[in-house]
Amino acid sequence: VVAAMPEIIEEQAESSIEQEVLVTPLAEPEELQPSSDSLDDLLEFAFSQRTQNNSNGAWVTFRLIRSLYEDSQALPMVVAEIISTLQSQGNYNEAIAELAAAVRLPSIRQDARLVQTFEQKQTYLQVLSAILDERGSPFLPFEQIPAEWQEDIEQGLLAGNRVQS
């Protein structure tokens, strides 16, 4: 799996570009491989990719961790990192889908509080995505959302608006 990382990252970069998501240019191939498939090495690699502003490389690695270590106690943190990365890329529909998939995983399903937290986040992202769509900015990175739009999102949540995905 580690040997395939450069190809996986390049495929994901091409896919993200097609979705109008801003992607940081990829590093040289020799920098695109973790030391091994161990959880620790993959986590270290994913965070180093994020530190190097390669959010797509981090995202792909976190997804790999999720698939290889879905029973790990680290999974909730990995899912949170996937969601954070997707939000930073302005890819809210993918973040919503990731959360929907995550709450079905046995290691997360067994913790009712965690399921509730992820479902609340999913609802938040659905409202956020609807507001961004209405305003013609569906791929606006989370960090660039104006404060007044954040207020509208909060009002939508308080009003009980639930957007169906």
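What counts and how
Residues numbered from 1 in each chain as written. Predicted model: local features only at pLDDT ≥ 70, side-chain atom pairs only at ≥ 80, totals over all residues. Heavy atoms only, no water. Helix = DSSP H or I, 4+ residues; strand = E, 2+ residues; numbered from the N terminus. Salt bridge = Lys/Arg side-chain N within 4 Å of Asp/Glu carboxyl O. Buried < 20%, exposed > 50% of the residue type's maximum accessible area, 1.4 Å probe, protein only. Axes fitted to C-alpha atoms, helices over the stretch in contact; angles between N-to-C directions. Parallel < 35°, antiparallel > 145°, perpendicular 65-115°, else oblique. Left-handed = near helix turned anticlockwise from the far one by under 90°. Contact = heavy atoms within 4.5 Å.

(A) Examining unusual backbone geometry more closely. Non-glycine residue N53 carries a positive phi angle of around 60 degrees. Along the chain, the position of N53 falls in the loop between α2 (39-51) and α3 (55-68).

(B) Main features of the pattern of salt bridges. Applying the stated criterion to the full structure yields 5 salt bridges. The salt bridge involving E81 is made with R50; its shortest N-O contact spans 2.1 Å. Here the residue E81 occupies a position in helix α4 (residues 75-89), and R50 occupies one in helix α2, the gap between them amounting to 31 residues. Of the residues examined, R50 reaches a relative accessible area of 26% and is grouped as partly exposed. Salt-bridge contacts for R66 lead to E98; the nearest nitrogen and oxygen are separated by 2.2 Å. Of this pair, R66 sits in helix α3 while E98 sits in helix α5 (residues 92-102), placing them 32 residues apart in sequence. According to the relative accessible area criterion, E98 is buried, its value standing at 4%. Linked by salt bridges that have partners in common, R63, R66, E94 and E98 make up one network.

(C) Local environment of the packing of α2 against α3. Where α2 meets α3, the axes come as close as 7 Å, and the angle between the chain directions of the two elements is 160 degrees. If you check the angle between α2 and α3, you find them roughly antiparallel. In this structure, α2 crosses over α3, and the sense of that crossing is left-handed. Side by side, α2 and α3 meet where L39, L42, L43, F45, A46, F47, Q49 and R50 of the first sit next to S55, G57, A58, T61, F62, L64, I65 and L68 of the second.

Geometry only, nothing functional implied.
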